[in-house]
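Breakdown of the fold
Single-letter residue listing:
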There are 2 protein chains.
Amino acid sequence: MSTVKRDTNLSYNCWLGYRKIKNKDLLIEYKKAFSCISVFGETKTIDAALYELKYGISKMLGKTPRIAGSESSGGINIGLVDRFDILSSKEINDIGDEGFIIKNHDKRIIITGKTGRGILYGVFTFLRLMQLERPVSSMNVIDNPVNMLRMVNQWDNMDGTIERGYAGNSIFYRNNNFVRSKKRIRDYARLLASVGINGIVLNNVNVHHYETRMITKTFLPKVAALADIFREYGITVFLSVNYASPVEIGGLPTADPLDTAVREWWSGTVKEIYSYIPDFGGFLVKADSEYRPGPFTYGRNHAEGANMLASVLKPFNGIVIWRCFVYNCLQDWRDRETDRAKAAYDNFMPLDGEFLDNVILQIKNGPMDFQVREPVSPLFGGLKKTNQMLELQITQEYTGQQKHVCYLVPQWKEVLDFDTYSKGEGSTVKRIISGRVYPQKYCGIAAVSNIGDDETWTGHILAQANLYGYGRLAWNPDMDMNGITDEWIILTFSDHPTVVKNIKSILLNSWRTYENYTSPLGIGWMVNPGHHYGPSVDGYEYSKWGTYHRADCFGIGVDRTVKGTGYTAQYHKRNADMYDNIESCPEELLLFFHRVPYNYRLKSGKTLIQHIYDTHFEGVEQVREFKSKWLSLKDLIDPERFEHVLDRLNTQIEDAIEWRDVVNTYFYRKSGIPDEKGRKIY
Amino acid sequence: MSTVKRDTNLSYNCWLGYRKIKNKDLLIEYKKAFSCISVFGETKTIDAALYELKYGISKMLGKTPRIAGSESSGGINIGLVDRFDILSSKEINDIGDEGFIIKNHDKRIIITGKTGRGILYGVFTFLRLMQLERPVSSMNVIDNPVNMLRMVNQWDNMDGTIERGYAGNSIFYRNNNFVRSKKRIRDYARLLASVGINGIVLNNVNVHHYETRMITKTFLPKVAALADIFREYGITVFLSVNYASPVEIGGLPTADPLDTAVREWWSGTVKEIYSYIPDFGGFLVKADSEYRPGPFTYGRNHAEGANMLASVLKPFNGIVIWRCFVYNCLQDWRDRETDRAKAAYDNFMPLDGEFLDNVILQIKNGPMDFQVREPVSPLFGGLKKTNQMLELQITQEYTGQQKHVCYLVPQWKEVLDFDTYSKGEGSTVKRIISGRVYPQKYCGIAAVSNIGDDETWTGHILAQANLYGYGRLAWNPDMDMNGITDEWIILTFSDHPTVVKNIKSILLNSWRTYENYTSPLGIGWMVNPGHHYGPSVDGYEYSKWGTYHRADCFGIGVDRTVKGTGYTAQYHKRNADMYDNIESCPEELLLFFHRVPYNYRLKSGKTLIQHIYDTHFEGVEQVREFKSKWLSLKDLIDPERFEHVLDRLNTQIEDAIEWRDVVNTYFYRKSGIPDEKGRKIY
């Protein structure tokens, strides 16, 4: 650990640090144009927008802007669209409920929208443009979110722990109660709103004893207090619920969704929730999965299970988000017929069209479980008559646990851009989840958050980029990866070309690098059981979890073609054919789809085994390269954050070596094939 | 689980159940001979002996014996030797302080000794002979314990957990305090005394926060209360101490054994302990091992560390028992030079002769760690000028965790009978630890207990045999294994020939059976990390613990010969040569000492790989055989214990199958060599 005393503010502020404008001429121009703010309209969210605007401008200009009465017409004007006559009807029609307009007009900057949310998003965009030091004349933006629901899922438990959390404890809970101080929660709301997140699930999908009681009088006042904070920032709160609540807290003998008493109990409960939180979002449900209760217990299917909840939420405009992460978690490793990858499709595809219109299926990507490399879930493009959301994982459970830098935006982009061909070419995942391929009443994107009460929020400062990038992609999945990355670096650190270049190089190479020294070619896992950190090639090989690589002395991989488990048949024919044929199967997914001998030649001309050796040696070298790129930023970054990242990179090098040596040794011992380059394998 | 309501007494009483005498004629004879008890002498231990005698006779005869004044001269007479004129001086000289005489003389049965302990051991022996239904005329015994110290080590923590405990929680502690009810503790003392145990270490060798404070005023009154109970049953209490106590509770800046203040602190502490417990035994110390503090921290060696404590205990006749389980537990798996098996010898052999005469080195067998099969530690026969104790493990950490039947007496017999050749032929381990090869002021045997607060004491009723057998071997390691086993079965269950035959067959085959389906030929481990239950062949292969099998596609095993790590050189030449040569190396230890290709032919004519397959298939069949032998006892054993053991045997079959399949699959995948018999391997 570095002994330098840290200035936690820089880490804490993330991309909302608002450094003073560097360009002197621009500073003068900004000071002139932004010295006064006029506000039109009064809502809590407009108040928040004003607060943010004032705070950001003050920090960037070193001068607090004057707040004028709403009659003033110079400087910055914020308010709802109907207060600005100068907007054309086309402009007004071009934005939806959450869209915004930033308009540079006649010495005024107008930031407007049809709702407080729209104005807030406009303000954060405006502040971003300022920090990026864009000229005032260029400040004309009309923008709308592409996804309707842009959510984060907190896997926080009321005891203060966070399932798969790597950045300290929960900012929401401690000792089976809510934390008292709300400052940090408000700051989290600010961070989320600044990138356009509009929904949050406040508790873990695994709903334990105390969490089950969040929907009761005991805790509802406290949930409502959180909802008040998030509401100001345009964020709707949701809760994860325990499907067995009618039994566990309702005193009923059953939780059967078709039982009248059960339905009435939920109906009463929902009514009570809305009496505390009138704009409550709804429920997230993990049912019949990994020992969680669900409708299967009562011989009902997922549609029956979800629809019952949906029908009682409907009068309040609430929704049910139902997770598709359902599989047999008591598989026998000897069983080669069952294929966990097939489970979500097998469970939910037959129910397409049977869900009420306020149910959304939340589909985890990939089909197995957030591995460093997986194909896209075939439910995308499969389901045609069902509301859908994509579930991603910002927290780095299988991608370095925020000890390693692993920037996930490139991975997410691949998922979002994947063409399912469901309704012809261009039926990409991003178009499906935004309702542009099949009409959906509710749809969007969700991701498991990576924050905790660590001073850096995310444990690793560079992991802040994942939260930022997720929000930006959730807003608009077409956004350019380079642009998002540049933005984050400049907002967070500096626009110095070396800083931008080096950090960008680290970030954009980090996912592939992590993949290089961990599990190869889509095979997944190979981690220590339970905590999932560090290499253990056979760690899950003889377990009940359905996650096997089946390496022997001849080869490795799972045959998921039509001749194997038949998983490929779940895709649209064009993709099914691509994956089915070892020649056309993307090589990075080779071992996910095929069982391959070690001497198989890849397109590079290398054998599979040599590829494994080479990528693992390369992976370590790449991390060393990250370190040298980081070291060259010593005088360009504040010492606190410089040392913090350097510490983590040193750990990453050490751990990457361990990964490299364990994986290479494992395969060398198993195959008996030496490294062509004669490097040290143990 | 069986639904039969259990009579817990039968399980709880263990081998002290005292069934009514079955043989009618003998019952009449016994009733006549044992209807009256006269006591000569009054000590707490003689009181306990009288209590036991009365209790046992009452149960076996169905009639409470009359207690006569000490003047009476018929029936049973118990008392110290000097109260019986009829004893010859040869008889009196033939027994030591803890020996006893049972003498059938002129219509009297005299049970006597030179101490209360001797009398107590005589009484328990007498009761055993009664339960075995021996005629009164045969009741003439003179016996002495072979080992001086016959100890159990409790790995109990004050929070109530037991490290490596598989029979519930501690009977001593709960919630970081002592339990209030002492009944169970007294019953444990009775069980221990009945097999001749004379010392107990009351807490875990890993001494945590609260346990560190057991040597302070806070807890000493409570330790003293336990000592009072054990004293009645002739058992001396010891404590495990934290070597860093002077720092942690003494407020000193150091725990350096050569520091005067440290020495004075310990001196004062010891004085205080003896003010509460005048016959306190002394300290057990795990120092500089697995993160426990020790003299190394201060640049002192183990002799300096132990001698300091010994010198302050000496005035009170206290002793220091210093564990030799010292090794590098941060080994790099890549390092093939370091050999954990060598560590104890390397650490302690150079110090031979440097320890004070009230220090005993407690040497764990084997040299690695309580595996199902290991060679004997080379410190036995190596050390010539140092007090020594053998440390065994009754609790089945690596031998089935009391879910599997694994009777360890055969293993212990092999260890005890092992000839070190240290001082010529016959320098067996049992003769060394009893001081018959080299003179030692203190020596003996210790074992980690397998009991907890489970109704059965040991989790598995058949595991009671291990506690019994340990005590009997501690008393006299020359005792015949068949005899011990028969005794235990008859005392515990019945003398029905089928019961004796079948249970004996299960017990005597169980160790080899467990070995068959778990780790082969002395290689050890292959268990899940942490809890050590169930198969994980690579579980410790890439860890820091120094326990590697190094299997690759060609072979398996660790070369510990002089051409390898050189471990064999730690033995006397005759053994070193035996182990060094693959031809003379006992095959059950083949992979402990040699790296062997899978196609190596064993003496059976089988290849190594075929041996692995065969033993694993056989192991499962043997457990099935246990079950069928057990099932045939259905009407010969009480339903409670019958069902209990049956439940465990079913679990054992299931788990043995898992072991078999995982291990066979692992080696099949690694070697690519199919089973000659074409059985199913996955």
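Here goes a summary of the coordinates provided. (Residues numbered from 1 in each chain as written. Chains lettered and ligands numbered in written order. Predicted model: local features only at pLDDT ≥ 70, side-chain atom pairs only at ≥ 80, totals over all residues. Heavy atoms only, no water.)

Right, let's get into the packing of aromatic side chains. The tally for this structure, following the rule as stated, stands at 78 aromatic pairs over all chains. Ring centres of Tyr 30 of chain A and Phe 34 of chain A lie 5.0 Å apart, and the angle between their planes is 40°; on these two criteria the pair is classed as tilted. Like Tyr 30 of chain A, the residue Phe 34 of chain A is buried in the burial classification. On the numbers, 5.3 Å between centres and 70° between planes, the contact of Tyr 514 of chain B with Tyr 517 of chain B is edge-to-face. A residue pair is termed a helical-turn pair when its members lie 3 or 4 positions apart in one helix, as Tyr 514 of chain B and Tyr 517 of chain B do in helix α17 (residues 497-517) at three residues. Residue Tyr 514 of chain B shares its accessibility class with Tyr 517 of chain B, and that shared class is buried. One aromatic cluster is present, formed by Tyr 12, Phe 172, Tyr 173, Phe 178, Tyr 188, Phe 219, Phe 230 and Trp 457 of chain A through successive ring pairs. Sitting over the face of the ring of Tyr 666 of chain B, Lys 670 of chain A holds its NZ or CZ atom 5.6 Å from the ring centroid. The ring of Tyr 327 of chain B is capped by Arg 340 of chain B, whose NZ or CZ atom sits 3.9 Å from the centre of that ring. (Phe/Tyr/Trp six-rings, centres within 6.5 Å; stacked < 30°, edge-to-face > 60°. Buried < 20%, exposed > 50% of the residue type's maximum accessible area, 1.4 Å probe, protein only. Helix = DSSP H or I, 4+ residues; strand = E, 2+ residues; numbered from the N terminus. Lys NZ or Arg CZ within 6 Å of the ring centre and 35° of its normal.)

Interface extent is often summarised as the accessible area lost during association of the parts. With 22 residues of chain A at the contact, the number on the chain B side is 22 residues. The junction of chain A with chain B conceals about 2000 Å² of combined surface from both sides, 54% of it contributed by carbon and sulfur atoms. On the chain A side of the contact with chain B, Arg 334, Tyr 542 and Arg 669 of chain A bury the most area, a combined 37% of that side's loss. Scanning the region where chain A abuts chain B turns up six salt bridges. Here Glu 541 of chain A ties to Arg 669 of chain B by a salt bridge, and the two come within 2.9 Å at their closest N and O atoms. Between the two partners, chain A and chain B, sit ten residue pairs in polar contact (both at pLDDT 80 or more). Considered class by class, the residues forming the side of chain A that touches chain B number nine nonpolar, three polar and ten charged. (Contact = heavy atoms within 4.5 Å. Buried area = accessible area lost by both parts, 1.4 Å probe. Salt bridge = Lys/Arg side-chain N within 4 Å of Asp/Glu carboxyl O. Polar contact = N/O pair within 3.5 Å; in protein donor to acceptor, adjacent residues only side chain to side chain. Nonpolar A, V, L, I, M, F, W, Y, C, P; charged D, E, K, R; others polar.)

All names here are of chain A. Taken together, the side chains of Lys 20, Lys 31, Lys 63 and Arg 66 present a region of like positive charge at the surface. Tracing the sequence through the fold places Lys 20 in the loop between α1 (8-13) and α2 (24-33). The class for Lys 20 is partly exposed, based on a relative accessible area of 49%. (Patch = residues over 30% accessible without salt bridge, like charges linked within 9 Å, V, L, I, M, F, W, Y side chains within 5 Å. Areas by Shrake-Rupley, 256 points an atom, 1.4 Å probe, with all protein chains shown as cover. Lys, Arg positive; Asp, Glu negative; His and termini not counted. Charge placed at Lys NZ, Arg CZ, Asp CG, Glu CD.)

Residue and element names in this part refer to chain B. One closed barrel accounts for eight strands, arranged β7-β10-β11-β12-β13-β14-β15-β16; its pairing is parallel. Put simply, the sheet's adjacent strands are angled 25° from each other on average, direction ignored. Summarising the sheet, strand β11 (residues 236-240) and strand β12 (residues 282-285) pair through three bridges and their orientation is parallel. Opposite Leu 239, over in β12, you have Phe 283 as the bridge partner. Strand contacts of helix α11 (residues 302-313): β12, β13 (319-323) and β14 (359-364), with the helix running at about 155° to β13, the strand carrying the most contacts. (Pairing = 2+ DSSP bridges. Axes fitted to C-alpha atoms, helices over the stretch in contact; angles between N-to-C directions.)

Right, let's get into α17 of chain B. Over its 21 residues, α17 of chain B runs 29 Å from end to end, which matches the ideal 30 Å to within 8%, given 1.5 Å per residue. When the local axis directions of α17 of chain B are compared, the greatest deviation, roughly 50°, occurs at Ser 510 of chain B. (Expected span 1.5 Å × (residues − 1). Bend = angle between axes of the 7 residues up to and from the residue.)

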